[in-house]
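Chain by chain, the residues:
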Amino acid sequence: MQWETVIGLEIHTQLATKSKIFSGAATAYGAEPNTQACAVDLGLPGVLPVLNEEVVRMAVKFGFAIDAEVADVSVFARKNYFYPDSPKGYQISQMDHPIVGIGHMDIEVDGITKRIGVTRAHLEEDAGKSLHEDFHGLTGIDLNRAGTPLLEIVSEPDMRSAKEAIAYMRKIHELVQYLEISDGNMQEGSFRCDANVSIRPKGQEEYGTRTELKNINSFKFVEKAINIEVERQIEIIENGGKITQETRLYDADKNETRSMRSKEEANDYRYFPDPDLLPVIISDELRTQVRADLPELPQIKRQRFIAEYQLDAETAGILSSTKQLAHYFEALVKSSGCDAKTCSNWVTGDLLGVLNKQSLDIAQSPISYERLAGLLQRIADNTISGKIAKQVFEAMLNSEDDADAIIESQGLKQITDSGAIEAIIDKIIADNPAQVEQYLNGKDKVFGFFVGQTMKASQGKANPGEVNKILQGKLKR
Amino acid sequence: MHTKTLAQIAQGLRAGDYSSQELTESYLARIKQHQDLNSFITVTEHQAIAAAKQADAMLAAGDAPFLTGVPMAHKDIFCTLGVKTSCGSKMLDNFISPYNATVVEKFNAAGAVSLGKLNMDEFAMGSSNETSFYGTVKNPWATHCVPGGSSGGSAAAVAARLIPGATGTDTGGSIRQPAALCGITGLKPTYGRVSRYGMIAYASSLDQGGPMAQTAEDTALMLQVMAGFDSQDSTSVDCAVPDYSADLNNSLTGLKIGLPKEFFDEALNSEMAASIDTAINEYRKMGAEIVEVSMPNLKLAIPSYYVIAPAECSANLSRLDGVRYGYRCENPTDLNDLYIRSRGEAFGTEVKRRILVGTYALSEGYYDAYYIKAQKIRRLISDDFKQALEQVDVIMGPVSPTPAFGIGEKTDDPIEMYLADIYTIAINLAGLPAMSVPAGFIDNKPVGLQIIGNYFDEAKLLNVAHQYQQVTDWHQQTPKGFE
């Protein structure tokens, strides 16, 4: 039997507002427990929520970016359930009238572009955290995170493999950062994902029974969790069993999923419109403002990079993957005056190589685009060779100096004076009569030996073009 | 001193007839003397005297706000910084609020001196004050009778002249019905007129705070302090607050009064009907025109209220879980045990009943049949009022079908108790302002006349009530033993 995997994702992304969605408390990560929770976040008797309008703006921005219907009127609802880190006994979320309706996101897997439907995106408040360690068998509650704004982005069950799911998740991750509505920090939980997974015989229309995988919070785990869950489901069905609709937790240490609760045990959340909050009206004025603020989106930027800089699709994809990287590249092209190909090679090759190794992002790059532009200009004007440039680049990583200062202080300037090069070559020819003999007898490869010796003797500073020209003249057959 | 109205007291303070400290001490002594009424949950003697001294200093310096030095008290539903705020429940018996409700802040800023916190039905759920964890409040007019509820402590304390004015809240009649049963004046403002911030929520879309005092003039002064937009309450309305005392003396000639025929059907007790008739006649004499109006959906008010209010309360009371504050059971074995026993041991029967009803009404499969349907009825009822108020300036009728009933008389029959609010509940569903004004006695027990106005038309209501109080003296009667 051939099985087809069906995946839908629910992504929770924290919106990067300074204060919480319904209170004035700060949202900064990592503060001492319960120091960023005000009366509203603690759910004291009598307190009331007041909507932070910035979250509405951010959600609308996201809606426009995925080409979605943005609601005229959006309603907050109470989702009722008891849990110690949910201070009101209900979460303020959205049910019938989410702020963002149907939209889509295109992904590319193995060179094929596919459109993934986005069912909806709605606003809600995050819960606090339960701390199970350090309390001698009791549980501590930290409500700093309670009330942090979340945008929950729900996809259609349009993905057919873990690879597609990852591609979609990456795209959303890239987009929310692009729009500057989320920092996308997965370690700090700013970007989290639940996956609905089912399988069906290839060719069958009807969906199989799905399970929901909770809290798979890295790209790696999403892939592993989906794959292991698909294996589990196939095994059950092939052995004549049935899939139970349930919520399952992925255990990364054991690489397995295990049951958390079945559908029967699931809460009836008893959603109803929150009477403390008025319906949110998305005005034309707000729409116009948000549209005007909308940055060039990654997809469009990528197309432009291909057209404007004649980059290949892959390179254009890498360079447009974050707003900062795209800016770095474009600023480099502009300030160096060098051709885009050279610039893109340096950025995607040398620079990203170093950044990846040190786990830095482009904003933390030890070499600014201005300094890198200075280096590329010295290659272009033949002050240094490409090879020496790598040496200068290494030196720049560990110093604040610009390329010129390093070239100067380390004496790396290229020798273009043909008299000086001729003198070196004459000495090499004189010192190596056997090789001269071989070359003159037709062994072309020996030419490279002379080039190498010359470069070595000049400590790499001789202009390679000049060296070639002079050698060819001296070793005429 | 204690028979004076709030307006007279404020004037006397300004004139230097007495100091705020003298007043405060005298009222505190009365509160102590009549503590068997059980109208207070907490008396904040020390804070009150300190505040009174401060008020005296301000009065001496001149330029003090109008209510400076005037004693009053808050229903124990309003959060008060550093003072127990119990909401009439065992659940919050240990809750010392770390903040002030907006209404409390406003009275503090206006210079009023709070003497303490007033008894009430548990979480404002009740019409007799019998659901309070702190025991029943006695009606000063007939101490074997209830004062009404849920603002029963407020009404009894004002009626017994233990304080000249009190705050109350009204979700289905909780200001008007006790005001009627205790023979004082109470005003439920338009929904959104007074901030709900810091007022412990029962049913958020219906709750509204308001003043309770001897006279319409006093309630106007208090509403002046309470009303206004609050950025901390999204449902408070940002519209200008008029001078509520400015129109009190306007003539009522040509005033159109609507009498809904549904208010005066066979269900209304004949003595009550006669009292209301007499009151309406006074208005006729003042030049008002009486018009019959009809509100066909009124009979659906109680059933729809008893879906919407419990639904909202079932969520509003979820925060009382024994985790962060309030009552926690002893030695919980696990999380569920903590929830079940904390809530099971601390909530009273009526509160539990409403949480269960509300939870049921919101459950999957029942939501459309109950909650959605109730909201539709609510709209119909609002439309009925809207149409009636296009024809008339105010609507009048009884507040309560009967005068104060005996303590324990209706506690075994919740439906019977719910019917006590039959004339008040619809007004909350529509969000309209309404008053209760003393309008006579039946068997020496006070009767209230209800005056309902259009949205944000409180000034008109106060004018209509004040003019009635110029030609009647029901509001000046003091119960025996409290003169």
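Throughout what follows, the structure given in this document is the object of discussion. Note that this is a predicted model, so its numbers are computed, not measured. (Residues numbered from 1 in each chain as written. Chains lettered and ligands numbered in written order. Predicted model: local features only at pLDDT ≥ 70, side-chain atom pairs only at ≥ 80, totals over all residues. Heavy atoms only, no water.)

**Things to note about the overall build of chain B**
Basically, it comes down to this: Strands here mean DSSP runs of E at least two residues long; helices mean DSSP runs of H or I at least four residues long; both are numbered from the N terminus. C-alpha atoms define the radius of gyration, and 2.2 Å times the number of residues to the power 0.38 defines the globule rule. Think of it in three bands: residues with accessible area under 20% of the maximum for their type are buried, residues over 50% are exposed, and the middle band is partly exposed, with areas taken using a 1.4 Å probe on protein chains only. Any pair of residues with heavy atoms lying within 4.5 Å of one another is described as a contacting pair. Areas reported here follow the Shrake-Rupley algorithm with a probe of radius 1.4 Å; residue values treat only the protein chains shown as occluding. The charge count includes Lys and Arg as positive and Asp and Glu as negative, but it does not include His or the ends of the chains. Charge positions are represented by NZ for Lys, CZ for Arg, CG for Asp and CD for Glu.
The secondary structure content of chain B amounts to 15 helices and eleven strands. Over its C-alpha atoms chain B spans a radius of gyration of 21 Å, differing by no more than 12% from the 23 Å that the globule rule assigns to 483 residues. With the C-alpha coordinates aligned to their principal axes, the bounding extent of chain B is approximately 65 × 55 × 45 Å. Relative to its 483 residues, chain B shows a buried fraction of 65%. Put simply, of all contacts in chain B between residues at least 6 apart along the chain, 75% involve residues at least 24 apart. Surface accessibility of chain B: about 16500 Å² in total, with carbon and sulfur atoms responsible for 50%. The positive charge centre, built from 38 side chains, and the negative charge centre, built from 53, are 2 Å apart in chain B.

**Thoughts on the pairing of strand β7 (residues 256-260) of chain B**
Residue and element names in this part refer to chain B. Keep this limit in mind: Paired strands, as defined in this entry, are two strands with at least two bridges between them according to DSSP. Whether a crossover is right-handed comes down to one check: with the strands pointing away from the viewer, does the path from the first strand over the helix to the second run clockwise; if it does, it is right-handed.
Of all five residues in β7, four are buried; the element is thus mostly enclosed. Sheet topology note: the β7/strand β8 (residues 289-293) ladder contains five bridges and is parallel. Bridging across to β8, Leu259 finds its partner in Glu292. Taken together, β7, helix α8 (residues 270-285) and β8 form a β-α-β motif whose crossover is right-handed. One ladder, built from two bridges, connects β7 with strand β9 (residues 394-398); its direction is parallel. By the bridge assignment, Gly258 is partnered in β9 with Ile395.

**Concerning the environment of Leu352(A)**
Residues and elements named next belong to chain A. Checked against the element boundaries, Leu352 lands in helix α9 (residues 340-357). Note on Leu352: relative accessible area 15%, which makes it buried. Spatially, the C-alpha atoms of Leu352 and Leu325 are 9.7 Å apart, while their sequence positions differ by 27 residues. Ignoring sequence-local partners within four residues, the contact set of Leu352 consists of Ile318, Leu325 and Val347.

**Brief notes about the nonpolar core**
Stated precisely, the cut-off is as follows: In these notes, a set of buried Ala, Val, Leu, Ile, Met, Phe, Trp, Tyr and Cys residues joined through side-chain atoms within 4.5 Å is what counts as a nonpolar core.
Formed by 148 residues in total, the largest nonpolar core has its most connected members in Phe123(B), Tyr283(B), Phe385(B), Met396(B) and Ile451(B). The leading source of residues in this core is helix α9 (residues 301-316) of chain B, at eight residues. Contact partners of Phe123(B), with chain neighbours within four places excluded, come to Cys87(B), Ser89(B), Met91(B), Leu92(B), Ile200(B), Tyr202(B), Leu317(B), Leu320(B), Phe347(B) and Val351(B). Core analysis: the next-biggest nonpolar cluster, separate from the first, contains 71 residues, Trp3(A), Tyr90(A), Val109(A) and Ile172(A) among them.

**Things to note about the interface of chain B and chain A**
Where the parts come together, the accessible area they lose is often given as the size of the interface. So the rule is basically this: Two parts placed together each lose some accessible area; with a 1.4 Å probe, that loss summed over both constitutes the buried area. Note on definitions: salt bridges are taken to be side-chain nitrogens of Lys or Arg within 4 Å of carboxyl oxygens of Asp or Glu. Identification of polar contacts relies on pairs of N or O atoms within 3.5 Å, with a donor-acceptor requirement for protein atoms, meaning one able to donate a hydrogen and the other able to accept it, and with residues adjacent in sequence counted only if both atoms are side-chain atoms.
Facing the 37 residues of chain B at the interface are 31 residues of chain A. A combined buried area of about 2700 Å² lies between chain B and chain A, and 60% of that area is made up of carbon and sulfur atoms. Looking at the side of chain B facing chain A, the largest losses of area belong to Ser234(B), Arg319(B) and Arg324(B), adding up to 22% of the total buried there. Across the contact surface, chain B and chain A share one salt bridge. With a closest N to O distance of 3.0 Å, Asp276(A) and Arg196(B) form a salt bridge. For the pair chain B and chain A, the number of links is 15 residue pairs in polar contact (both at pLDDT 80 or more). Secondary structure elements with two or more residues in the side of chain B that touches chain A: α9, α10 (335-346) and α11 (349-362) of chain B. Of the residues forming the side of chain B that touches chain A, the biggest block, four residues, is contributed by α9(B).

**Looking at the packing of α9(A) against helix α11 (residues 386-397) of chain A**
Helix packing for two helices is described by the angle between their axes and how far apart those axes are. All names here are of chain A. Going by this rule: Lines are fitted to the C-alpha atoms to define the axes, a helix being fitted only along its stretch in contact, and any angle between axes, read from their N-to-C directions, falls within 0 to 180 degrees. Oblique is the label for any angle not covered by the other classes, which are roughly parallel (under 35 degrees), roughly antiparallel (over 145) and roughly perpendicular (65 to 115). The crossing is said to be left-handed when, going from far helix to near helix, the turn is anticlockwise and less than a right angle, and right-handed when the turn is clockwise.
Closest axis-to-axis distance for the α9/α11 pair is 12 Å, and the angle between their directions is 40°. With respect to α11, the axis of α9 lies oblique. Considering the relative orientation of α9 and α11, their crossing is right-handed. In this structure, α9 uses Trp346, Asp350, Leu351 and Val354 to contact α11, whose residues at the interface are Ala389, Lys390, Phe393 and Leu397.

**Things to note about a nonpolar patch on the surface**
Which entries qualify depends on this criterion: Patch members must show over 30% relative accessible area and no salt bridge, and they are joined within 9 Å when carrying like charges or within 5 Å when they are nonpolar side chains of Val, Leu, Ile, Met, Phe, Trp or Tyr.
On the surface, a cluster of nonpolar side chains totalling about 290 Å² of accessible area is made up of Tyr360(B), Tyr366(B) and Tyr370(B). For Tyr366(B), the position within the fold is in the loop between α11 and α12 (368-391).

**Points about the sheet that holds strand β14 (residues 272-273) of chain A**
All names here are of chain A. If you walk across this open sheet you meet the three strands as β4-β3-β14, and the pairing is antiparallel. What marks the edges here is a single partner per strand, and that holds for β4 (90-93) and β14. Summarising the sheet, strand β3 (residues 77-80) and β4 pair through four bridges and their orientation is antiparallel. Bridged to Arg78 within β4 is Ile92.

**Comments concerning the sheet that holds strand β1 (residues 3-14) of chain A**
Whenever strands of a sheet pair, they do so through backbone hydrogen bonds, lying parallel or antiparallel. Residues and elements named next belong to chain A. Spatially, β5-β6-β9-β1-β10-β11-β12-β13 is the arrangement adopted by the eight strands of the open sheet, whose pairing is mixed. The strands lining the two open edges of the sheet, one partner per strand, are β5 (103-109) and β13 (256-262). Here the average twist between neighbouring strands, direction ignored, is 30°. One ladder, built from four bridges, connects strand β11 (residues 211-214) with strand β12 (residues 246-251); its direction is parallel. Each bridged residue has a counterpart across the sheet, and for Thr211 the counterpart in β12 is Glu246. Contacting β1, β10 (191-201), β11, β12 and β13, helix α4 (residues 219-238) runs over the sheet at an angle of about 25° to β10.

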